[in-house]
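Listed below, chain by chain, are the residues.
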Amino acid sequence: MLIVYDSLTGNVERFVKKLGMRNIKINNGLIVDEPFVLITYTTGFGEVPKRVAEFLAQNHSYLVAVTSSGNRNWGEKFGLAADKISERYKVKKLSKFELSGNESEIENFLQEVHQLGKCTKMDSN
């Protein structure tokens, strides 16, 4: 499964590098033509970053699931970008992780993606 991500402070990028999965960082004009999981950060008071929103406007048809980073100090706004993207595009929210993720959060994410892969393969038969 392809991981597509955006990172502002480097936390999401560090998380992605720990996964050992094929990945690509969002840049202007990026077009993805295969199923992918999005990993993003949350900005402001629980908002989806502008570059991520613009990317999804062009690429949401291949979006399978979403995960976001955040800081638990924000309480109910923690990682809220994942909730908003999941709701808007009707895709699964896999998880949320704090800062660059701990070992448990990484393992949880990998298990979720593995299960998603099984479901995607079964659906395509």
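Above: the structure in question.
Residues numbered from 1 in each chain as written. Predicted model: local features only at pLDDT ≥ 70, side-chain atom pairs only at ≥ 80, totals over all residues. Heavy atoms only, no water.

### Quick notes on the pattern of salt bridges
Counted only if it meets this: For salt bridges, the criterion is a side-chain nitrogen of Lys or Arg within 4 Å of an Asp or Glu carboxyl oxygen. By definition, any uninterrupted DSSP run of H or I lasting at least four residues is a helix, any uninterrupted run of E lasting at least two residues is a strand, and each is numbered from the N terminus. Burial status follows relative accessibility: with a 1.4 Å probe on protein chains alone, a residue under 20% of its type maximum counts as buried, one over 50% as exposed, and anything between as partly exposed.
In total, this model carries 10 salt bridges according to the counting rule given. A salt bridge links Arg72 to Glu105; its shortest N-O distance comes to 3.2 Å. With Arg72 in the loop between strand S4 (63-70) and helix H3 (80-89) and Glu105 in helix H4 (residues 103-123), the pair connects residues that are 33 residues apart, well separated along the chain. Overall, the relative accessible area of 46% leaves Arg72 in the partly exposed class. By relative accessible area, Glu105 is classed as buried at 12%. Here Lys93 and Asp83 are joined by a salt bridge, their closest N and O atoms 2.6 Å apart. Of the two residues, Lys93 is situated in strand S5 (residues 92-98) and Asp83 in helix H3; the sequence distance between them amounts to 10 residues.

### Some remarks on the pairing of S5
Definition in use: Strands are treated as partners if at least two bridges between them are detected by DSSP. If the strands point away from the viewer and the path from the first strand over the helix to the second runs clockwise, then the crossover is right-handed.
Taken together, the 6 bridges between S4 and S5 define a ladder with parallel strand orientation. Residue pairing for S5: Val66 is matched across the bridge by Lys93. Regarding topology, H3 serves as the crossover connection from S4 to the parallel S5, and that connection is right-handed.

### Describing the environment of Glu98
Keep this limit in mind: Residues count as neighbours in contact if any of their non-hydrogen atoms are within 4.5 Å of one another.
The residue Glu98 is located in strand S5 in this model. Separated by 38 residues in the primary sequence, Glu98 and His60 place their C-alpha atoms 25 Å from one another. When near neighbours in sequence (up to four residues on either side) are disregarded, Glu98 contacts Gly70, Asn71, Arg72, Phe78 and Glu105.

### Quick look at the sheet that holds strand S1 (residues 2-5)
Cut-off, in case you're wondering: For every element, the axis is a line fit to its C-alpha atoms; helices are fit only across the contacting stretch, and the angle between N-to-C directions ranges from 0 to 180 degrees.
Strand order in the open sheet formed by 5 strands is S2-S1-S3-S4-S5, and the pairing between neighbours is parallel. In this open sheet, the two edge strands, each paired with only one partner strand, are strand S2 (23-25) and S5. Taken pair by pair, the neighbouring strands of this sheet meet at an average axis angle of 20 degrees, ignoring direction. Summarising the sheet, S1 and S2 pair through 3 bridges and their orientation is parallel. Bridge pairing links Val4 to Ile24 in S2.

### A word on the nonpolar core
Selection criterion: Throughout this description, the term nonpolar core refers to a set of buried Ala, Val, Leu, Ile, Met, Phe, Trp, Tyr and Cys residues connected via side-chain atoms within 4.5 Å.
In terms of nonpolar packing, the biggest core is built from 17 residues, with Ile39 and Phe109 touching the most fellow members. When contributions to this core are tallied by element, the ones reaching two or more residues are S1, helix H1 (11-19), strand S3 (36-40), S5 and H4. Apart from residues lying up to four places away in sequence, Ile39 is in contact with Ile3, Val4, Tyr5, Asp6, Val12, Phe15, Val16, Leu19, Thr67, Phe97 and Phe109. Of all hydrophobic cores here, the second largest spans 16 residues; its members include Val32, Val52, Leu56 and Val91.

### Examining the packing of aromatic side chains
Which entries qualify depends on this criterion: Pairing of aromatic rings covers Phe, Tyr and Trp, the last through its six-membered ring, and needs centres within 6.5 Å; plane angles under 30 degrees mean stacked, over 60 mean edge-to-face, and all others mean tilted.
Evaluation of the coordinates by the stated rule reveals 4 aromatic pairs. Judged by centre distance (5.6 Å) and plane angle (65 degrees), the ring pair of Phe36 and Phe55 falls under edge-to-face. You can see Phe36 sitting in strand S3 and its partner Phe55 sitting in helix H2 (residues 50-59), a full 19 residues away along the chain. Given a relative accessible area of 0%, Phe36 falls into the buried group. On the basis of an interplanar angle of 80 degrees and a centroid distance of 5.5 Å, the ring pair of Phe45 and Trp74 is categorised as edge-to-face. With Phe45 in the loop between S3 and H2 and Trp74 in the loop between S4 and H3, the pair connects residues that are 29 residues apart, well separated along the chain. Judged by relative accessible area, which is 45%, Trp74 ranks as partly exposed.

Geometry only, nothing functional implied.
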